[in-house]
Amino acid sequence: MKKTMLAAAAVLALGTPAFAQETVRIATEGAYAPWNFLNDAGEPAGYEIALGNAICETAGLTCEWIINDWDSIIPNLLAGNYDLIMAGMSITDERLETIDFSDNYFPPDPSKYVAAAGATLDFANLSGARVGVQGGTIQAAYAEENLGGANTVVTFATADQAMADLAAGNLDTILADGAYLDPVVTASNGAIEFVGEDVMIGDGVGAGIRKEDAELKAKVNEALATLKADGTVDKLIAEWFDGMGPFFAE
């Protein structure tokens, strides 16, 4: 999701199958905590970075992280600028028309609405509201289809930009992943609260992969299966999502 790209990754030959490389180039947004973000040193951090590194270690690969803007993250995968996407991306039928996905590494997450504390919104008959979403997300598509007729759907390059506009009073509500919103609501100390009913969209979060890279997909899924079975995935979810889970270990 951000504009910086590692120079070394940019000069690698395009179209080279990921499974033929020791290094796997993984794109992330770097602007969607706790999934992925840039730490104080400007380095990628978060749940997906920790999990991606564990996947590479388990599969005998080397991770190279690339920061890319959300709105071009799928086109740049298809262009061969990197090999995987790990960016809080939900698995949907629409995206599966263009790319493939690994098995999910986060279960289907309810999308939620938030608003300024004390706001009164009738979601059964919502009309005239300004609804904020991050562009190109499952929430953006849902809002346009289900709320766009009677309301104004405002799209943002990042979820954090939407939150800033809500805080400034320019939006009535935001629809986003619950796992993203939970720590935001907690950190607001009561200034922002959940409103309305949860909305279930998508089939969980997975790593985006080019359709032709079947061998890389198999390696990622094999590593994920190992990390789910030994409890690593659940441990990382609990670490980054305030004790959430377990979901995968038997």
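For the structure, check the block above.
On a predicted model such as this, the values are computed, not experimentally measured, just so you know. (Residues numbered from 1 in each chain as written. Predicted model: local features only at pLDDT ≥ 70, side-chain atom pairs only at ≥ 80, totals over all residues. Heavy atoms only, no water.)

Caption draft 1: Region of the structure containing the overall build of the protein chain. Counting secondary structure elements, the protein chain contains 9 helices and 13 strands. Over its C-alpha atoms the protein chain spans a radius of gyration of 18 Å, differing by no more than 12% from the 18 Å that the globule rule assigns to 250 residues. Reported as C-alpha extents along the three principal axes, the dimensions of the protein chain are approximately 55 × 35 × 35 Å. Per-residue burial over the protein chain gives 50% buried out of 250 residues. In the protein chain, the share of contacts with a sequence separation of at least 24, taken over all contacts with a separation of at least 6, comes to 72%. (Helix = DSSP H or I, 4+ residues; strand = E, 2+ residues; numbered from the N terminus. Rg over C-alpha atoms; globule rule 2.2 N^0.38 Å. Buried < 20%, exposed > 50% of the residue type's maximum accessible area, 1.4 Å probe, protein only. Contact = heavy atoms within 4.5 Å.)

Caption draft 2: How the structure looks around the pattern of salt bridges. Summed over all chains, the structure comprises 6 salt bridges. With a shortest N-O distance of 3.3 Å, Asp 83 and Arg 210 are connected by a salt bridge. You can see Asp 83 sitting in the loop between helix H3 (73-78) and strand E6 (84-85) and its partner Arg 210 sitting in the loop between strand E13 (208-209) and helix H8 (214-229), a full 127 residues away along the chain. Summarising the burial analysis for this pair, Asp 83 and Arg 210 share the class buried. (Salt bridge = Lys/Arg side-chain N within 4 Å of Asp/Glu carboxyl O.)

Caption draft 3: How the structure looks around the packing of helix H6 (residues 159-167) against helix H7 (residues 178-187). In the contact formed by H6 and H7, the axes pass within 12 Å of each other and the chain directions differ by 40 degrees. Put simply, H6 runs oblique to H7. Like other packed secondary-structure pairs, H6 and H7 cross with a definite hand, here right-handed. Each of Ala 159, Asp 160 and Met 163 in H6 lies in contact with H7, whose residues at this interface are Tyr 180, Leu 181 and Val 184. Of the residues in the contact of H6 with H7, the class split is 5 nonpolar, no polar and 1 charged. (Axes fitted to C-alpha atoms, helices over the stretch in contact; angles between N-to-C directions. Parallel < 35°, antiparallel > 145°, perpendicular 65-115°, else oblique. Left-handed = near helix turned anticlockwise from the far one by under 90°. Nonpolar A, V, L, I, M, F, W, Y, C, P; charged D, E, K, R; others polar.)

Caption draft 4: Summary view of the state of the cysteines. The full count for this structure, using the stated rule, is 1 disulfide. Each sulfur in the disulfide pair Cys 56 and Cys 63 lies 2.1 Å from the other. Residues Cys 56 and Cys 63 are joined by a disulfide whose S-S torsion is about 100 degrees; by sign, that bridge is right-handed. (Disulfide = S-S within 2.5 Å.)

Caption draft 5: Representation of the sheet that holds strand E2 (residues 31-32) in the model. Read across the open sheet, the 3 strands follow the order E2-E3-E4; overall the sheet is antiparallel. Both edges of this open sheet fall to E2 and strand E4 (44-45), since each of them pairs with a single strand only. Two elements, strand E3 (residues 36-38) and E4, share 2 bridges in a ladder whose sense is antiparallel. Directly across from Phe 37, in E4, lies its bridge partner Ala 45. (Pairing = 2+ DSSP bridges.)

Caption draft 6: Structural view of the nonpolar core. Counting 45 residues, the largest nonpolar core has Tyr 47 and Leu 51 as its most contacted members. The element that contributes the greatest number of residues to this core is helix H2 (residues 47-59), accounting for 6 residues. Per-domain counts for this core show at least three residues from each of domain 1 (23-107 + 204-240) and domain 2 (111-199). Excluding residues within four positions of it along the chain, Tyr 47 makes contact with Pro 34, Trp 35, Tyr 105, Phe 106, Val 233, Leu 236, Ile 237, Trp 240 and Phe 241. Counting 15 residues, the second largest nonpolar core, distinct from the first, contains Ala 115, Ala 129, Val 199 and Ile 201. (Core = buried A, V, L, I, M, F, W, Y, C linked by side-chain atoms within 4.5 Å. Domains from an automatic or database assignment.)

Caption draft 7: View of the pairing of strand E5 (residues 62-67). Counting buried positions along E5 gives 5 out of 6 residues, so the element sits mostly inside the fold. Note that strand E1 (residues 23-28) and E5 share 6 bridges and pair parallel. Across the sheet, the residue bridging to Ala 27 is Ile 66, located in E5.

Caption draft 8: Structural detail: the sheet that holds E5. Sheet architecture is open: 5 strands sit in the order E5-E1-E6-E13-E7, paired in mixed fashion. The open sheet is flanked by E5 and strand E7 (100-101), the only strands paired with a single partner. In the packing of H2 onto the sheet, the strands contacted are E1 and E5, and the crossing angle to E5 comes to about 150 degrees.

Caption draft 9: Just the packing of aromatic side chains, in detail. Counted under the stated rule, the structure contains 12 aromatic pairs. Geometrically, the ring pair formed by Trp 35 and Tyr 47 is edge-to-face, given 6.0 Å between the ring centres and 70 degrees between the ring planes. Within this pair, whereas Trp 35 is found in the loop between E2 and E3, its partner Tyr 47 is found in helix H2, the two being separated by 12 residues in sequence. Tyr 47 matches Trp 35 in its accessibility class, with the two residues each being buried. Aromatic ring contacts, followed pair by pair, group Trp 35, Tyr 47, Tyr 105, Phe 106, Phe 241, Phe 247 and Phe 248 into a single cluster. The aromatic ring of Phe 194 is capped on one face by Lys 112, whose charged end is 4.7 Å from the ring centroid. (Phe/Tyr/Trp six-rings, centres within 6.5 Å; stacked < 30°, edge-to-face > 60°. Lys NZ or Arg CZ within 6 Å of the ring centre and 35° of its normal.)

Just distances and angles here, no functional claims.
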